[in-house]
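An overview of the molecular structure
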Amino acid sequence: GAVELAVIVALQALLCLPPPMEGVHILALLLVLLPAVSFALLFNEASPQLMKELPLKKADEKTLAQPNRLMLLYAIRSIPTALIVAAAFVHDAHRMFAWQLSEARKSDGWTPELAGRCDNLA
């Protein structure tokens, strides 16, 4: 939870991206949601069979024994989502640039020299 939020904020700062969440939302997650989930997990009764349960199923053992297959399954699940997120970001960046360009064209500072440089942009 908190580490994932730290990674998101760090990437946002390093890559100069717009913030995915406002500071108030991050504080609410850190100070309200995460403690509530933690307390809920703390007050759950421990299973008496916990130490007798096997951590892996036979199917998991076979998958983990083949790292190439594991990476392929991970890529099949992750790459489409990453492509959609990247395409949405590029689309939104283009939309915002086109809107800002149209607003700039309406302003008094729009000169013919500047218009010549921006004709083929949007």
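None of the values given here were measured: they were computed from a predicted structure. (Residues numbered from 1 in each chain as written. Predicted model: local features only at pLDDT ≥ 70, side-chain atom pairs only at ≥ 80, totals over all residues. Heavy atoms only, no water.)

1. Regarding the overall build of the protein chain
Each helix and strand counted, the protein chain has 5 helices and 0 strands in total. For the protein chain, the sequential pattern of α-helices and β-strands runs α-α-α-α-α. Within the protein chain, the fraction of its 122 residues that count as buried is 5%. Sequence separation of 24 or more characterises 28% of the internal contacts of the protein chain that already satisfy a separation of 6 or more. Per element, the accessible surface of the protein chain, about 10700 Å² overall, is 69% carbon and sulfur. (Helix = DSSP H or I, 4+ residues; strand = E, 2+ residues; numbered from the N terminus. Buried < 20%, exposed > 50% of the residue type's maximum accessible area, 1.4 Å probe, protein only. Contact = heavy atoms within 4.5 Å. Areas by Shrake-Rupley, 256 points an atom, 1.4 Å probe, with all protein chains shown as cover.)

2. Some words on a nonpolar patch on the surface
Together, Val3, Val7, Leu11, Leu14, Leu15, Leu17, Phe89 and Val90 give the surface a local cluster of nonpolar side chains, amounting to about 780 Å² of exposed area. Per-element tally for the nonpolar patch: the top contributor is helix α1 (residues 2–14), with 4 residues. Residue placement: Leu15 occurs in the loop between α1 and α2 (23–42). (Patch = residues over 30% accessible without salt bridge, like charges linked within 9 Å, V, L, I, M, F, W, Y side chains within 5 Å. Salt bridge = Lys/Arg side-chain N within 4 Å of Asp/Glu carboxyl O.)

3. Things to note about the pattern of salt bridges
Tallied over the entire structure, the rule returns 2 salt bridges. Among the salt bridges present, the one from Arg95 reaches Asp92, with a minimum N-O distance of 2.5 Å. Taken together, the residues span about one helical turn, with Arg95 and Asp92 both in helix α4 (residues 67–106) at a distance of 3 residues. Classification of Asp92 as partly exposed rests on a relative accessible area of 33%. Here Glu103 and Lys106 are joined by a salt bridge, their closest N and O atoms 3.4 Å apart.

4. What to know about α2
Between its first and last C-alpha, α2 extends 28 Å over 20 residues, near the 28 Å set by a 1.5 Å rise per residue. Along α2, the largest kink reaches about 35° and is centred on Leu29. (Expected span 1.5 Å × (residues − 1). Bend = angle between axes of the 7 residues up to and from the residue.)

5. Comments concerning the confidence of the model for the protein chain
Predicted coordinates in areas of low pLDDT are best not read in detail. Predicted confidence across the protein chain gives a mean pLDDT of 80, with 87% of residues reaching 70 or more. Put simply, helix α3 (residues 58–64) is where the protein chain has its lowest mean pLDDT, 68, and α4 is where it has its highest, 86. (pLDDT = per-residue confidence, 0-100.)

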